[in-house]
Structure formats: C-alpha cells, structure tokens
Amino acid sequence: MARYGMVMDMRACVGCQACMAACSMENQTPYWSEKFRTHVEDSAHGEYPNVRRELLPRLCMHCENTPCLSACPTGATYKTEDGIVRINYDRCIGCYACMIACPYDARYPYDGDDVEKAEALYGSDCSHTMPHVDKCSFCEHRVKSGLEPACAATCPTGARIFGDLDDPNSEVHKLSVSGIARPLRAELGTSPKVFYIPA
Amino acid sequence: MSFVHQEVWHWQIATYLFLGGLGGATFAIGAILHLFEGCDRKMLSIAVLSGMGFMGIGTIFLLADMLQPMKALYALTNPSSWIFWGVIFINFYFLMATVYVIPLLRSWPKLVLIVEIIPDPILDLMERFNRLAALGGSAAGFLVAIYTGLLISAAPAISFWNTPALPLLFVISAFSTGAAYLLLLSTFSKNDYAHKISEKLEQLDAGLIVTELIILGAYFNFAFFLPTGARASAAELFETPFFVFGFMGAGLLLPLAIETYSIFFSKHSKQSAGVVITASLLVLLGGFLLRYYVLHAGLYQYPW
C-alpha cells in the first residue's frame, strides 16, 4: 500500500494561488465564503525598509497521529489504507470537535448556505448536498485514477511534489528523509505527511 | 508563529459546558447530601429535576450549534472521542436521575397520582434501590462535570486548553456552582432542617471556591511560564475586565467573602437570606463567565 504525502518547495512557490483555484474547481469548495481546502498564506515580516514577504501554502497534513480522527465522535473522519484522512459526509454531525482538534486549521464548515449556493451553481453535479465539515482529501478520486491532486497538477512552478512516501524511488520519499524538508509543528507529535522545504 | 483566536466554539458551547457542569454537580452533591445527611426529600426532588433541566437545556444549546443535530445518535460511534463519552455519561446521568427522583416525587401530594401510574413492583424496586441510585447518580454527575473540561482540553494546538489543569478547574467550578444552586434552594426551603443543610453547603462552597482559587493560581502561573499560546491566552484574560472583575472579583472573591462572613458570624436568620442568595447567584454568574472567557481565550499557535 502506498503512503501518500506531499512536499512543498517554498523556494519555488510564487503565491499565484492557482492551487487554490484548481482545488476549488475540482472539489467544489465554497470559494464564495472564502473557504478553501488549500490556502496560500501571504504575510509580511519585518519593518520598512527590511521587509520580507512570506508565502506558506497549507492544506490537510494527513497526519499519521490524527487528533481530528480521535476527536470525531461519529467516525465520520477516517483514514484510508493509503493514509489519506477523509470525511464521510453522511456521518458528519458538524459538532466542530475535529476543527478544534486540528492544529493546522485545515478544516472548515460547509454550512447550509454553502450547500444551497453549491446546489444552485453545480446543479446535478453538486458533490456537497448536506452540511458537513470539509477539508482536503489529497484528491483521492484523482489519485485512484493515477493522477496527481489538482493543486500539484496545476502548480506552474512545481512547488507541490506529490507521491508515495514509502517508495524509495519517489521524489517525496527522498526529500522527506533528506532532512531538507520538514513538517510543521512536529513537536505536537501528529507526524504530518506534508513537508516543507524552507525558502 | 502567530496566535489566532479559535472561531469555532462560542457562547452556545460555553452555555452547554456551564449548564452541563451545573446539572451534573447539582445531582452529585444532592445525592451525597441524601446519603450522608438525610436531606429533605422535597428539596432533593426539586434539585434533581432542575439538574436534569439544566442538562437538557445545555444539550439543546449543543445540538443547536451543530450542522446536523438530527444525526446526533451517530455520536455513539468512536470511543476515542470525548463527545462519545459525554453522550454515555449524560445518558447514564438521566437514567440515574430518573430512577432516583421518581420515589422522591411521592413527597409531593399533587404528584402522587402521577407517580402511581408506574406499577407498584417497579416503584418499590426504585424505593429499595434509592440509595444505590443516589450513589450512581453522584458518580454520573461527577463524570458529566469533569467531561466538560476533558472535551475542550483535547485540542493539541490550543496550549491554554491542552492541560490537565483545565478539567480539574472545570470540575471544581462545576461543584461550586452546584453547591451554590443547592444553597439557593435551601434558602427557600421551609423544612426545619434546611438551615443545617444551608450551613453545610455554605462551608462546602467556600471550600470549593478556595480550591478553585488555588487551581486557578497554579493554572495561570504555569501558563505564564510557557513560551506558547497559553501565555498569550493568560495575558489576554488578565487584560479582560469582565474576567478579572466579573469572574475573579464578583464570581469568586465576593461570594467567598460573603460565605466566610456567613459561616462565622451569621446565624442564618431570614435577614441574612438575602446575602446568601446574592452569593449563590454570583457564584453561578462566575461559573458561566469562567467558561465563556476560557473558550474565548483559546488561541491557536500557528506556524504562519
């Protein structure tokens, strides 16, 4: 079984937000409420004239030790054999316990208003027909067909590298064990499967 | 690193945590009084029924805050979640409270006819095991009260919450509000024995407030020494007038002063009932403010 992960090469990210748009189109995220499965944080640091701009793309880290899965009382949050953390919309009661437990702010509520707008916009193709908590699924439906997640496939600079962390020939494996790429907030013990190469 | 307020759980959840703790502790203390002090059955029945009412209203607040409340039964699926255990504890609470309170309702002449709809063998069984139900109920009340703290302490990125001190603080605060509520009830009781119960409850509440102050001191001291969001949360709370003057001043120190005065100098006359009622109401207000502001001060520590 594969163990999917992603490496974010911060040296390459230009903050174009194409990943956000691609994800939103692929997964029908409620962009009208500014809710995205992947988000590029854009922040300024320092004081004029020594100011630097920092970009940080983020998404669900598909942690090995998942605080969201432990917090979910209904079993709506589950992990696939490939280690992808997913949500069963039918079982989600929207108690927000998973959102509170997630250290990476990866989840958002797909509320009644969002569902209404999604149904009006996407018609019979609408994939969100009931309120639930939503987040990145590593585009599991695409991965199953041998494709990359929409964000990685779209990234014009190749800043998002997706693959099997257990495959010694994969680039994500090599980068994840190189020590160059590191996860966010490793001290929490969540063992994220998304790694970052600093800019 | 940046600190960001949690924008997920608001006053509705604070109300649920407050009423859950209050309901749990009211039953737990009432049942303990029954077991060891032989308390007035009429007062106990009001206490347990209102405890169930608090719990019911609290649960409504929780359900109203959910996206899909009609699917709430699914919450009995994952035992690694504190909400799963909350559902178990609350159901155990309602079961124990119902079994416990029904025989007590016989002490109300107007309710006897309704109670007697239940077949005699079941009623006799409930009467026979009433003390056992009281024991089970006190355990259920304690579990519900401590669960309210365990629920929010399970957030690894909110370091102000993610500490064993929080469930401890919430359970002691819950028992303090429960004692204050029972004190309020005993003030209105016409039973000859009520003033004795009032004295006990006052002593209990004063002791619980002192314990709460000690835990608060340790909790904030610990938070201020952590180089994390906990320090930012603690600092923010100390800059919030409603927390400092509302919760700590009016919700803890003032009722403690009133109760201490009452324990040593007052003889529980009708004239002193007013101040006891004031102290009780202040403790209840403080209990809500604690939960509201602790929830509000929950800061995520993000790496961006």
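Higher on the page you've got the structure.
Conventions used here
- Residues numbered from 1 in each chain as written.
- Chains lettered and ligands numbered in written order.
- Predicted model: local features only at pLDDT ≥ 70, side-chain atom pairs only at ≥ 80, totals over all residues.
- Heavy atoms only, no water.
- Contact = heavy atoms within 4.5 Å.
- Buried area = accessible area lost by both parts, 1.4 Å probe.
- Salt bridge = Lys/Arg side-chain N within 4 Å of Asp/Glu carboxyl O.
- Polar contact = N/O pair within 3.5 Å; in protein donor to acceptor, adjacent residues only side chain to side chain.
- Nonpolar A, V, L, I, M, F, W, Y, C, P; charged D, E, K, R; others polar.
- Helix = DSSP H or I, 4+ residues; strand = E, 2+ residues; numbered from the N terminus.
- Buried < 20%, exposed > 50% of the residue type's maximum accessible area, 1.4 Å probe, protein only.
- Axes fitted to C-alpha atoms, helices over the stretch in contact; angles between N-to-C directions.
- Parallel < 35°, antiparallel > 145°, perpendicular 65-115°, else oblique.
- Left-handed = near helix turned anticlockwise from the far one by under 90°.

Draft legend 1. Quick look at the interface of chain A and chain B. Contacts between the two partners involve 37 residues from chain A and, on the opposite side, 30 residues from chain B. In total, about 2,700 Å² of surface goes out of reach between chain A and chain B, with carbon and sulfur atoms giving 66% of it. Taken together, the connections running from chain A to chain B amount to zero salt bridges. At the boundary of chain A and chain B, one finds 18 residue pairs in polar contact (both at pLDDT 80 or more). For the side of chain A that touches chain B, the class distribution of residues is 25 nonpolar, five polar and seven charged.

Draft legend 2. Representation of unusual backbone geometry. All names here are of chain A. Note that the residue after tyrosine 48, namely proline 49, is joined by a cis bond; omega there is 10 degrees. Position of proline 49 among the secondary structure elements: in the loop between strand S2 (39-47) and strand S3 (50-58). Phi is positive for phenylalanine 138, which is not a glycine, with a value near 55 degrees. Phenylalanine 138 gets classed as buried once you look at its relative accessible area, which sits at 1%. In this structure, cysteine 139 takes a positive phi of about 45 degrees despite not being glycine. Tracing the backbone shows cysteine 139 in the loop between strand S7 (132-134) and helix H5 (140-144).

Draft legend 3. The pattern of salt bridges, seen in detail. Residues and elements named next belong to chain A. Scanning all chains against the criterion turns up 16 salt bridges over all chains. The salt bridge involving lysine 35 is made with aspartate 114; its shortest N-O contact spans 2.6 Å. Within this pair, whereas lysine 35 is found in the loop between helix H1 (18-27) and S2, its partner aspartate 114 is found in helix H4 (residues 112-122), the two being separated by 79 residues in sequence. Overall, lysine 35 belongs to the buried group, its relative accessible area being 14%. Between arginine 58 and glutamate 41 there is a salt bridge, with the nearest N and O atoms lying 2.6 Å from each other. In this pair, arginine 58 sits in strand S3 while glutamate 41 sits in strand S2, placing the two residues 17 residues apart along the sequence.

Draft legend 4. View of the packing of helix H7 (residues 165-188) of chain B against helix H8 (residues 194-225) of chain B. Residue and element names in this part refer to chain B. It is at 8 Å that the axes of H7 and H8 come closest, and there the two elements cross at 160 degrees. Classified by the interaxial angle, the pair formed by H7 and H8 is roughly antiparallel. For the crossing formed where H7 meets H8, the hand is left-handed. Of the residues assigned to the contact of H7 with H8, the class counts are 19 nonpolar, six polar and three charged.

Draft legend 5. Examining the side chain of asparagine 78 of chain B more closely. When you line up the elements, asparagine 78 of chain B lands in the loop between helix H2 (41-64) and helix H3 (82-104). Judged by its relative accessible area of 13%, asparagine 78 of chain B falls in the buried class. Within the structure, asparagine 78 of chain B has its side chain in polar contact with the backbone oxygen of leucine 69 of chain A (distance 2.9 Å). Here serine 80 of chain B takes part through its side chain, which lies 2.8 Å from a polar atom of the side chain of asparagine 78 of chain B. Sequence-distant contacts of asparagine 78 of chain B, defined by excluding residues within four places in its chain, comprise Leu69, Ser70, Cys72, Pro73 and Gly75 of chain A together with Phe84 of chain B.

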